[in-house]
Every structure is written in C-alpha cells, then in structure tokens.
Amino acid sequence: MATILFVGHEASRSGAPFTQLHLMRWIKENTSHKMVLALLEGGDLVPEFEKLADVYIVNTPKFALHARVWSKLNRMSGIDHSNTINKIAEYLPDVIFANSLIAINYAVKLKEKLGVKVICNIHELESAFYYMAHANYPAALVKADWLMMGSYAVKNYYMNNFPIDKNKASVIYDFIGDEDVSRRTLTDIKSLHNIPLSAKIVGAMGSLNWRKGHDIFSYVAREVIKHSPDTYFIWVGGKKESADYKLLVREVKLLGLADRVILVGEQADIQSYYEAFDVFLLTSREDPFPLVCLESALARTPIICFENSGGMPEFVRDDAGFVVDYLSIDQMAEKTLLLLGDGSLREQMGAVGRERALNNHTISKLGPSILELIEEAL
C-alpha cells in the first residue's frame, strides 16, 4: 500500500478534473492505495473529491482561469503556500500524480520538497501557452519523471517543441467514466425547447471561447439550415451571464437563426442532451482529446470534427463520423446534411463510435495501464 499525492489545477466540471475524479474513484475501488489531493483552485467537484481523499486547496479563485494567466500561479513558489506544502508533506506521499500541465510547476515544487517521483498527465496543446506564457514549462517538463499524454496529437506536439526524453513520454488516451447502465434520460429535450417531434437536432457541448469554436457552430448552422430548415442546433455550455454567451446570442440573432440555434448554457443533465442529438459537431480549433465526444459516442451519435485540431481525428477516423478539412465550414455542413439525411449511416457510424468508446476509452479499460505507470514510479 502506498500514498499517492494527486495535484490538480481546479475542480471545475471540465475535462481534466473529470478524468482525475474517474481515476481516483477507480483507484479507491480497485486498490488499497491511499490518496491525498492538492488543488490549485476549487470548483463544483470538490465535494466529490472529498469523498475519496483529504483535499487541500491552494488558492481561492476570483477570475476565470484563462484570464488570470500565470501571475497567481507564479506566486505559489513563494512562502505564501509553505503551510499547505508542509501539511501535505505530513502524509509522506510515495509518488506525485499531476493531472494537467497547469499543475506541473506546483507538482515539481512538491517533488523537490518530498523527494519523490512525479508523473504528469498532459492534456494541453499549443494555445495553452498563449494564456500562460510566463510559466517556465520547459524546465518543469524536464524535471517530471514520466509524462502521460492524452493523445498522439498531444505527444507529437511536446516531442517536437520541447527537450523531452522520448523514453519517459507515453500515450494513454484520456477517458470517461464507465457507463452507468441504470442511467435514463430524465428530460424530453424536444418538448423542453418546443422542437417538433419530427425535427433533427445537431448538438455541441463545451465552454464558450475561441478554442472551442462556438462561432463556427453558428456558421455551420446557417449553411445546414439553408438546405434543411427543420433542423435545430443546440449548444450546451457556457455561463449565461458571461460576455461570450451574450455575444454569441447577438451573433445568432443577427444571422437570423434565433429560432433554430438554441444556446442552453451550463446544464446538469447533459445525458439528456447527448441522447437527443442526431449529430455531434466538434467545432474546436484545438482540443487534445475532448471527453464530450467520447460521451456523445456512448449515445451512438456520429461525430464531425476538423483535421489538425487535436486528438479527436484519432478516435473518429473514417467510420465513427467524419474528419473534414481544418475550419472548413462548407465541408462540415455538407457532412452534417449527409448524416441527417441518411438514418442508416447515422446508425452505423454511431454504433462504431459507441463500441470504440466502450472498448478503449473508459476508466475500467485504461485504469490498469495508469496504475501500472504509478506503481512503476513507486
């Protein structure tokens, strides 16, 4: 039995924190290892983490993470956080598992204090460095003992741009939780949003920012609706009080799509939306390996994404949906119309995606590989 110190950047309802939660649950259920968690910032998932381990929160957030850049995290290397580090040291952890690039500097500082090895699970791609340009990532990456990359797109980016020993970098795909067979759709999405029963729904899910391409979603909707006016588009995600949400509402209105493009903001019952979508669009300009696509695949929904946008083409390939040219609105609209008009093709591609997600991208499938990496570090 060992003690694993997890380090996460926050506990928001987003990809990296969810993978951390799934992994910690799996370790608790399948091993005798003890765990402790240090979070750079809190979030909605803190109560869930507290069911699994003692949790220490280093900072109290006041702004969105991408807007804080790295000035706040740079201060973590100072005396202000020595008390937290000393408390964590009392657990005598045997290994450190940092769950994002954002957490790696703090994890390396803990490594130097505790004298144990560090594994870092990397989910971020190039644009992360635009927001956090002041952090000395190359030095921290070199000091990590193992790098666990969330897709081959992620691995290739880091191997091509940083002085990383190829022998300590491996790909273990990002993952979702095991399917809950007891889960049922709680809400009739068409009824909720006054969508005709015969209409098709094209969906997307994510925060509202440049990287996720919410603007592209509205442009694809305009092209599709020209040829299929009874199609509805739904974007799940984003805070309704944010400027980005209000700007997107304005854009949709000026495009003349307010009666067809529905922006529902953040939702707790996302499963109902997954099951309501006929096609899932990943309009991201950059996305390492988005979990929303894996969850959509479980609902048998084919996916359309962009080439050269990150790791999702590795999942979609040519049989779980379509991979179109980077930022080609015309091609994404064309493939959307093809799937909307061909129920057999939708069903076929959706079945392939579901099988691929179940067989390769759940915590029960990948947990043993991650545990092997952790125990090697021990």
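Our subject is the structure that appears above.
An account of the accompanying structure is given in this report. Values in this document were obtained by computation on a predicted structure and should not be read as measured data.

Rules used in this analysis
Residues numbered from 1 in each chain as written. Predicted model: local features only at pLDDT ≥ 70, side-chain atom pairs only at ≥ 80, totals over all residues. Heavy atoms only, no water. Helix = DSSP H or I, 4+ residues; strand = E, 2+ residues; numbered from the N terminus. Buried < 20%, exposed > 50% of the residue type's maximum accessible area, 1.4 Å probe, protein only. Contact = heavy atoms within 4.5 Å. Polar contact = N/O pair within 3.5 Å; in protein donor to acceptor, adjacent residues only side chain to side chain. Salt bridge = Lys/Arg side-chain N within 4 Å of Asp/Glu carboxyl O. Pairing = 2+ DSSP bridges. Axes fitted to C-alpha atoms, helices over the stretch in contact; angles between N-to-C directions.

Mapping arginine 285 onto the fold places it in the loop between β11 (279–281) and α14 (291–298). The buried category is assigned to arginine 285, whose relative accessible area is 12%. Apart from the residues within four sequence positions on either side, arginine 285 is in contact with Trp210, Arg211, Gly213, Asp215, Ile216, Asn308, Ser309, Tyr326 and Leu327. At 2.8 Å, the side chain of arginine 285 forms a polar contact with the backbone oxygen of tryptophan 210.

Turning to the pattern of salt bridges, a few remarks are in order. Tallying each qualifying case throughout the model produces 13 salt bridges. In this structure, the salt-bridge partner of aspartate 145 is lysine 111, at a minimum N-O distance of 3.2 Å. Here lysine 111 lies in helix α6 (residues 104–114) and aspartate 145 lies in the loop between α8 (137–143) and β6 (146–149), a separation of 34 residues in the sequence. Of the charged contacts, one joins arginine 354 and glutamate 179 as a salt bridge, the two residues approaching to 2.8 Å between their closest N and O atoms. Highlighted residues: arginine 354 in helix α17 (residues 343–360) and glutamate 179 in the loop between β7 (169–171) and α10 (189–192), separated in sequence by 175 residues. Given a relative accessible area of 29%, glutamate 179 falls into the partly exposed group.

Time to look at the environment of phenylalanine 162. The residue phenylalanine 162 is located in the loop between α9 (152–161) and β7 in this model. Each C-alpha atom, one on phenylalanine 162 and one on alanine 139, is 9.5 Å from the other, the two residues being 23 residues apart in sequence. When residues no more than four places from it in sequence are discounted, the contact partners of phenylalanine 162 are Phe129, Pro138, Leu141 and Tyr157.

Strand pairing in a sheet takes place through backbone hydrogen bonds and is either antiparallel or parallel in direction. Pairing in this open sheet of 6 strands is parallel, and the strands run β10-β9-β8-β11-β12-β13 from one edge to the other. Each of the sheet's edge strands pairs with one partner strand only, and the pair in question is β10 (261–265) and β13 (321–324). The mean angle between the axes of side-by-side strands here comes to 20°, regardless of whether they run parallel or antiparallel. In the sheet, strand β9 (residues 231–236) pairs with β10 via 4 bridges, with the strands oriented parallel. From the neighbouring strand, tryptophan 235 faces β10, where its bridge partner is leucine 263. Contacts from helix α11 (residues 214–227) reach β8 (200–205), β9, β10, β11 and β12 (303–306), with the element oriented near 170° to β9.

The values reported here are purely geometric and, on their own, carry no functional implication.
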